[in-house]
Amino acid sequence: MAARGLRLVGQSFGTLLRAKRTPVRTCGQFMCTATQQQNTPAQNSEEEKSKNQNEQSHDAYAAEKAQLEDQLRDMTDKYKRALADTENLRQRSKKLVEDAKLYGIQGFCKDLLEVADVLEKATESVPKEEIKDDNPHLKNLYEGLVMTEVQMQKVFKKHGVTKLNPVNAKFDPYEHEALFHAPMEGKEPGTVALVTKVGYKLHERTLRPALVGVVKGA
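Residues numbered from 1 in each chain as written. Predicted model: local features only at pLDDT ≥ 70, side-chain atom pairs only at ≥ 80, totals over all residues. Heavy atoms only, no water.

(A) Here's a closer look at the sheet that holds strand β2 (residues 176-182). Read across the sheet, three strands follow the order β2-β6-β3 without closing on themselves; strand pairing throughout is mixed. Across the chains shown, the open sheet's two edge strands, defined by having one partner strand only, are β2 and β3 (192-197). For this sheet, the mean angle separating the axes of adjacent strands, direction not counted, is 30°. Alignment of β3 against strand β6 (residues 210-215), held across four bridges, turns out to be antiparallel. Residue pairing in the sheet places V195 in a bridge with V212 of β6. (Pairing = 2+ DSSP bridges. Helix = DSSP H or I, 4+ residues; strand = E, 2+ residues; numbered from the N terminus. Axes fitted to C-alpha atoms, helices over the stretch in contact; angles between N-to-C directions.)

Structure (structure tokens):
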């Protein structure tokens with residue numbers, strides 16, 4: 001009987017202990033829940049702040065990227081323009097050098113044209129019937145003049161100087177200078193009928209236009 005009484009007392013004491021622990025556990029759970037509820041708004045605020053900072057950083061990066069792209073396009077355009085200007089300058093310089101090589105002797109050639117005219121007039125003024133073996137002085141002089149004229153024309157040709165003697169050719173205002181216009185039978189209007197003074201060209205440039213008479217239409 002004594003043992004049974006002790007068991008009953010022990011069971012009652014255990015029940016009492018369990019009853020006392022239960023409110024403590026429930027209170028602890030409630031406090032944890034309350035703490036979580038109190039921490040949630042702060043955490044949300046931090047997350048929103050971090051999100052806003054990330055968005056601002058992204059916008060700043062995008063703006064900086066756009067600015068750098070604009071600067072790159074501007075520098076690329078300036079670089080291309082500089083290359084084009086340099087190439088144009090190189091081409092112009094090359095053309096000037098080539099023209100200097102071709103036409104550097106233009107002034108000298110113009111001075112020699114008068115000498116060529118004198119030689120031509122001298123040979124034309126000698127009567128052909130007077131050029132005989134019994135007149136060796138005149139014959140030798142005439143042959144010397146002819147040889148000099150031929151040699152001068154060879155030198156002219158070597159340096160790109162050509163004679164313009166456009167009889168029956170179409171009138172070209174860039175190469176010919178018309179002294180008169182006159183109708184002529186059997187001649188096409190606009191053609192050169194008479195050359196009073198031959199002209200000369202240096203490569204593609206006219207040194208002196210030929211003085212001509214042009215056929216006029218009826």
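(B) A look at the environment of A178. Secondary-structure assignment places A178 in strand β2. Look at A178 and you get partly exposed, because its relative accessible area is 30%. Between the alpha carbons of A178 and L211 there is a distance of 6.1 Å; along the sequence they are 33 residues apart. Those residues within four positions of A178 in sequence are excluded, and the remaining contacts are F171, V212 and V214. (Buried < 20%, exposed > 50% of the residue type's maximum accessible area, 1.4 Å probe, protein only. Contact = heavy atoms within 4.5 Å.)

(C) Representation of the packing of helix α2 (residues 106-125) against helix α3 (residues 136-158) within the structure. Between α2 and α3, the shortest axis-to-axis distance is 9 Å and the interhelical angle comes to 145°. Crossing geometry of α2 relative to α3 is assigned as left-handed. Residues L112, L113, V115, A116, L119, E120, A122 and T123 of α2 lie in contact with α3, whose contacting residues are Y142, L145, V146, T148, E149, M152, Q153 and F156. Residue classes in the contact of α2 with α3 are distributed as eleven nonpolar, three polar and two charged. (Left-handed = near helix turned anticlockwise from the far one by under 90°. Nonpolar A, V, L, I, M, F, W, Y, C, P; charged D, E, K, R; others polar.)

(D) Examining the environment of M152 more closely. On the secondary structure map, M152 appears in helix α3. For the pair M152 and V115, spaced 37 residues apart in sequence, the C-alpha separation works out to 9.3 Å. Not counting residues up to four positions away in its chain, the partners in contact with M152 are L112, V115, A116 and L119.

(E) Summary view of a nonpolar patch on the surface. Taken together, the side chains of L179, F180, M184 and L194 present a nonpolar region at the surface, about 320 Å² in accessible area. Inspection of the secondary structure assignment puts L179 in strand β2. (Patch = residues over 30% accessible without salt bridge, like charges linked within 9 Å, V, L, I, M, F, W, Y side chains within 5 Å. Areas by Shrake-Rupley, 256 points an atom, 1.4 Å probe, with all protein chains shown as cover. Salt bridge = Lys/Arg side-chain N within 4 Å of Asp/Glu carboxyl O.)

(F) Broad picture of the pairing of strand β4 (residues 199-202). The two faces of β4 match: G199 and K201 on one face and Y200 and L202 on the other face are all buried. Bridging between strand β1 (residues 161-164) and β4 involves four bridges; their strand directions are antiparallel. Note on β4: the bridge partner recorded for T162 is K201. One ladder, built from three bridges, connects β4 with strand β5 (residues 205-208); its direction is antiparallel. Bridging across to β5, L202 finds its partner in R205. The loop that links β4 with its antiparallel partner β5 comprises two residues; one of these, H203, has a positive phi angle of about 60°.

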